[in-house]
Amino acid sequence: QALEDQYSPSRWSPRLDRDTIIDAHLAVTAAGTERARARAQTLLHVPYGNGDGEKLDIYFPTDPSDTFPVLVYIHGGYWQCLSKDNSGFAAPPLVSQGVAVVAVGYDTAPKGHMDAMVLQVRRSLVFLVERYPRIRGIYLCGHSAGAHLAAMVLSTDWTESQVVPDIKGAVLVSGVYDLEPILHTYVNDVLNMSREVAQRNSPMRHVTLAVPAACEVLVAVAQHDSPEFRRQSQEYSQALRAAGWSVSLLDLAGVDHFDIIEKLSEDSYVLTQV
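Residues numbered from 1 in each chain as written. Predicted model: local features only at pLDDT ≥ 70, side-chain atom pairs only at ≥ 80, totals over all residues. Heavy atoms only, no water.

The protein appears in an unreviewed UniProt entry as KFA formamidase from Eulacestoma nigropectus.

What follows is the structure in C-alpha cells.
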C-alpha cells in the first residue's frame, strides 16, 4: 500500500484532491493545446510509422529561419493514457522564439507494451531527421512516463539507424527511471511488465558513458512530487553525472507533479526560460 501511494502522483498535491487533479490536468492541457493550434502554423497527425498511434503533431516557429531547433515533447499518463492531442500546450512561448515543437504519439497500454513504446519514440526521431533536414538540433522534453521514454532515448545505440539524431539537450520532468518498483503497484495491472521487461527498459540500468558531444540533461522534479519520484530523479541525475554527462537537477518549489509541466505554456515560468 505504501508503494501504491508513492507511485500515485495525484495523492501528493496540496492544490486539489486526487479525484479532481487529474481532470483539471486534462482540462488545462487540452485548452492549452487548443490555443496553440489556433495560433501556430501546424501539421497534425503526421505518420512516422504504420501503427495507429505512430503519429506526431508539428508546431512550426512563427519566423522560421533557414534552420531551426526542435523541442520534441513526449507526454506522460503512466504509459496508458493521455496523447499527443493534448500535448501542444507548451508550443506558444517556444514557437515565438523560433523553435519548432513536435508532440509525439505512441501506442499506450494495453495496446502498446513497453518495448514497443520505447522503439516508437526512437523511430519518431529518426523520421524527423530524415523528413526535415532544416532541423538544427533536437531537444527532448518528457513528463512523467514521457521523461522515462526520453531517458531511454539517451541510452539508444544508433549504429543500426541510417541517421543519428543530433540531440543537444534533454529536459526530464518528474520522471520514473527505474521501473522495478512499478511492478508491485496498480500501474503494472495494465502494463503487464515482467521483471525482465522492467529491467531492460529502466534508464537507470542503462546509463552509457557520455561521448564528447553528449547532450546536456536537465532533470526537473517538483516540491510536491512523492518522495519516491524525488528519489528517482536524484539518483538518475547522480548516475548520469558519474558517467560523465553534463547534468543539472532542478528542484522546483511550489509545484506538484501536474503544474510543473502545465506551466510550460507560460513565458515567464522558470522551466520555459531554461
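Let's shift gears to the packing of helix H4 (residues 114-131) against helix H5 (residues 145-154). Running from N to C, H4 and H5 point in directions that differ by 65°, and their axes come no closer than 10 Å. Looking at the two axes, H4 sits roughly perpendicular to H5. Of the two elements, H4 crosses H5, and the hand of that crossing is right-handed. Contacts between H4 and H5 pair Met-114, Met-117, Val-118, Val-121, Arg-122 and Leu-125 from the former with His-148, Leu-149, Met-152 and Val-153 from the latter. Here the residues of the contact of H4 with H5 sort into eight nonpolar, one polar and one charged. (Axes fitted to C-alpha atoms, helices over the stretch in contact; angles between N-to-C directions. Helix = DSSP H or I, 4+ residues; strand = E, 2+ residues; numbered from the N terminus. Parallel < 35°, antiparallel > 145°, perpendicular 65-115°, else oblique. Left-handed = near helix turned anticlockwise from the far one by under 90°. Contact = heavy atoms within 4.5 Å. Nonpolar A, V, L, I, M, F, W, Y, C, P; charged D, E, K, R; others polar.)

Turning to the nonpolar core, a few remarks are in order. Ranked by size, the top nonpolar core spans 60 residues in total, and within it Val-72, Trp-79, Leu-140 and Leu-172 carry the most contacts. Sequence-distant contacts of Val-72, defined by excluding residues within four places in its chain, comprise Val-102, Val-104, Leu-125, Leu-128, Ile-138, Tyr-139, Leu-140 and Cys-141. Counting 24 residues, the second-largest nonpolar core is a separate cluster that includes Cys-141, Leu-252, Leu-264 and Tyr-269. (Core = buried A, V, L, I, M, F, W, Y, C linked by side-chain atoms within 4.5 Å. Buried < 20%, exposed > 50% of the residue type's maximum accessible area, 1.4 Å probe, protein only.)

What the eight strands build is an open sheet, ordered S1-S2-S4-S3-S5-S6-S7-S8; its pairing is mixed. In this open sheet, the two strands that pair with only one neighbour each are strand S1 (41-47) and strand S8 (246-256). Across this sheet, the average inter-strand angle for adjacent strands is 20°, counted without regard to direction. Sheet analysis places strand S5 (residues 135-143) next to strand S6 (residues 167-173), joined by six bridges and oriented parallel. Residue pairing across strands places Tyr-139 opposite Gly-169, the latter belonging to S6. Packed on one face of the sheet, H4 meets S1, strand S2 (55-60), strand S3 (68-74), strand S4 (100-104), S5 and S6 and runs near 155° to S5. (Pairing = 2+ DSSP bridges.)

Following the criterion strictly, the structure yields 16 salt bridges and no others. Between Asp-259 and Arg-15 there is a salt bridge, and its shortest N-O distance comes to 3.5 Å. With Asp-259 in helix H9 (residues 259-262) and Arg-15 in the loop between helix H1 (2-6) and helix H2 (18-39), this residue pair connects regions lying 244 residues apart in the sequence. Classification of Asp-259 by relative accessible area gives buried; the value is 8%. For Asp-57, the salt bridge goes to Lys-84, with nearest N and O atoms at 3.0 Å. Here Asp-57 is found in strand S2, whereas its partner Lys-84 is found in the loop between S3 and helix H3 (91-95), with 27 residues between them in sequence. Judged by relative accessible area, which is 7%, Lys-84 ranks as buried. Beyond isolated ion pairs, a larger network of salt bridges with shared partners links Arg-37, Asp-57, Lys-84 and Asp-85. (Salt bridge = Lys/Arg side-chain N within 4 Å of Asp/Glu carboxyl O.)

Counting buried positions over the five residues of S4 gives five, a clear majority of the element. Residues Ala-100, Val-102 and Val-104 of S4 are buried on one face, and the alternating residues Val-101 and Ala-103, pointing to the opposite face, are buried as well. Bridging between S2 and S4 involves four bridges; their strand directions are antiparallel. If you follow Asp-57 over to S4, its bridge partner there is Ala-103. Sheet topology note: the S3/S4 ladder contains five bridges and is parallel. Looking across to S4, one finds that Ile-74 is bridged to Val-104.

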